[in-house]
Amino acid sequence: MSQMVLTVEKLARSFGGVQAVKDVSLSVSTGQLRAVIGPNGAGKSTLFNLLTGLMPPSAGRIVFQGKDVTGLPAHTLCRLGLGRTFQINSIFVNATVLENVQLALLSHHRKIWNMSATAGKLYVREAEELLAMLDLVGKAGKLGSTLSYGDRRRLEVVLALACEPQLLLLDEPTAGMSLPDKPGMVALIRKIAREKGVTTILVEHDMDMVFAVADQITVMHQGSVVAEGTPQEIRANARVQEIYLGEEHRA
Ligand code: ADP
Ligand code: MG
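**Q** Even after reading the chapter, I still don't get helix α6 (residues 182–195), so can you show me in this structure?
**A** Note: α-helices contain 3.6 residues per turn, so residues at a spacing of three or four share the same orientation. Helix length check: α6, at 14 residues, gives a terminal C-alpha distance of 19 Å against a target of 20 Å (1.5 Å per residue), a fit within 8%. Listed in full, the buried residues belonging to α6 are Met185, Val186, Leu188, Ile189, Ile192 and Ala193. Buried residues of α6 fall within an arc of 160° about the axis and therefore sit on the same side. Facing away from the buried surface of α6 by more than 90 degrees, the exposed residues are Pro183 and Glu195. Summarising the contacts, the buried residues of α6 are in contact with β3 (33–37), α5 (149–161), β7 (167–171), β8 (199–204) and α7 (207–213). A positive backbone phi angle near 70° is found at glycine 197, which sits one or two residues after α6.

Below is the structure:
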């Protein structure tokens, strides 16, 4: 059996009368790129928030690298090797692209950015290595505020890598992106998973995006897992087609 990085057992979360996540179980093996998809309201963001420690589950268990981490806060999970991005832009707009990555590395290594002459020289090589994944090396000296929306979102993903995660969780990485920006994000996610071998869980609404990158897909609907399989299996799944078609008809 391949090594499981993450195992989720019967996870549940309700808000008052609404059961946002019901009995969700899934296992993600080392190096896998797993996508969790589903129409609006399926419970994807709630599942993401449970996995990243933003809120505790009402029931169930989360086992990360053999350790029960259920209910641990986000900063503890981050230290244990669970990296994540935020849906809201979280880069420093008044720092350069290079400085943004340096700051993330300094924070991971728990050093304080004291604006001294030497601080700017710390982790330059590591930061440039991370930036190389982005094809943003030419923009290393640009201020965060001058980046396009697509470049910002890609930079955020690279910032999450600064803490050398064993598992990377991405919440709708292409949300709000224009169509021409999307292939750049798809390419970056592929590089992270395929070249760096980082185990990744991608929560995403866009089916086309998911079919382009995922090894395995988990489909959620009304809080529950309704299907799981390879992109080909999911594409051919009648129940999934019904759910997405139903959504189109409502739209
Ligand atoms: P998705 O990300 O798949 O669109 P969500 O996890 O955001 O789905 O939402 C699942 C369900 O839980 C929805 O019915 C939503 O209204 C409800 N919900 C999510 N977050 C909260 C909250 N903080 N308080 C109350 N209800 C919530
Ligand atoms: Mg959501």
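Moving on from the coordinates now.
**Q** Quick question: what am I supposed to make of the site of ligand 1 here?
**A** Around ligand 1, the surrounding shell consists of Phe15, Val18, Ala20, Pro39, Asn40, Gly41, Ala42, Gly43, Lys44, Ser45 and Thr46. Glycine 43 has a polar backbone atom sitting 3.0 Å from an oxygen atom of ligand 1. Expressed as a share of its isolated accessible area of 560 Å², the protein-covered part of ligand 1 is 58%. Taken together, the elements giving at least two residues each to the shell around ligand 1 come down to β2 (18–29) and α1 (44–51). Counting residues per element, the shell around ligand 1 draws most heavily on α1, which supplies three residues. Across the shell around ligand 1, the residue classes break down as five nonpolar, five polar and one charged.

**Q** Any chance you could explain the layout of surface pockets here in plain terms?
**A** Sizing a probe to match a water molecule and rolling it over the atoms shows the empty space that remains. Roughly 230 Å³ of internal volume is contained in the second largest pocket. Lining the second largest pocket are 13 residues; nearest its centre among them are Glu126, Leu130, Leu161, Glu164 and Lys196. Looking at the lining of the second largest pocket element by element, the count peaks at three residues for helix α4 (residues 124–132). Residues of the lining of the second largest pocket, tallied by class, amount to eight nonpolar, one polar and four charged.

**Q** Teacher, can you tell me more about the domain arrangement of the protein here?
**A** When cut into domains, the protein gives domain 1 (4–91 + 167–250) and domain 2 (92–146). One C-alpha centre belongs to domain 1, the other to domain 2; they are set 28 Å apart. Contact residues are listed per partner, giving seven residues for domain 1 and ten residues for domain 2. Each partner contributes to the roughly 630 Å² buried at the junction of domain 1 and domain 2, and carbon and sulfur atoms together form 63% of this total. For the pair domain 1 and domain 2, the interface holds zero salt bridges.

**Q** Just to check I follow, could you spell out unusual backbone geometry for this structure?
**A** One non-glycine residue, lysine 10, lies in positive phi territory at about 45°. With respect to the element layout, lysine 10 can be found in strand β1 (residues 4–15). Taking relative accessible area as the criterion, lysine 10 reaches 54% and is therefore assigned exposed. Positive phi, normally seen in glycine, also occurs at glutamine 222, with a value near 50°. Mapped onto the fold, glutamine 222 is located in the loop between β9 (216–221) and β10 (224–229). The class for glutamine 222 is exposed, based on a relative accessible area of 53%.

Each value, and the rule that gives it
Residues numbered from 1 in each chain as written. Chains lettered and ligands numbered in written order. Predicted model: local features only at pLDDT ≥ 70, side-chain atom pairs only at ≥ 80, totals over all residues. Heavy atoms only, no water. Helix = DSSP H or I, 4+ residues; strand = E, 2+ residues; numbered from the N terminus. Expected span 1.5 Å × (residues − 1). Buried < 20%, exposed > 50% of the residue type's maximum accessible area, 1.4 Å probe, protein only. Arc of directions from axis to C-beta. Contact = heavy atoms within 4.5 Å. Near = heavy atom within 4 Å. Polar contact = N/O pair within 3.5 Å; in protein donor to acceptor, adjacent residues only side chain to side chain. Areas by Shrake-Rupley, 256 points an atom, 1.4 Å probe, with all protein chains shown as cover. Nonpolar A, V, L, I, M, F, W, Y, C, P; charged D, E, K, R; others polar. 1 Å grid on protein atoms, 1.4 Å probe; cavity = no way out; pocket = protein on both sides within 12 Å on 5 of 7 lines; lining within 4 Å. Points joined across faces, edges and corners; volume = space filled by probe spheres on them. Domains from an automatic or database assignment. Buried area = accessible area lost by both parts, 1.4 Å probe. Salt bridge = Lys/Arg side-chain N within 4 Å of Asp/Glu carboxyl O.

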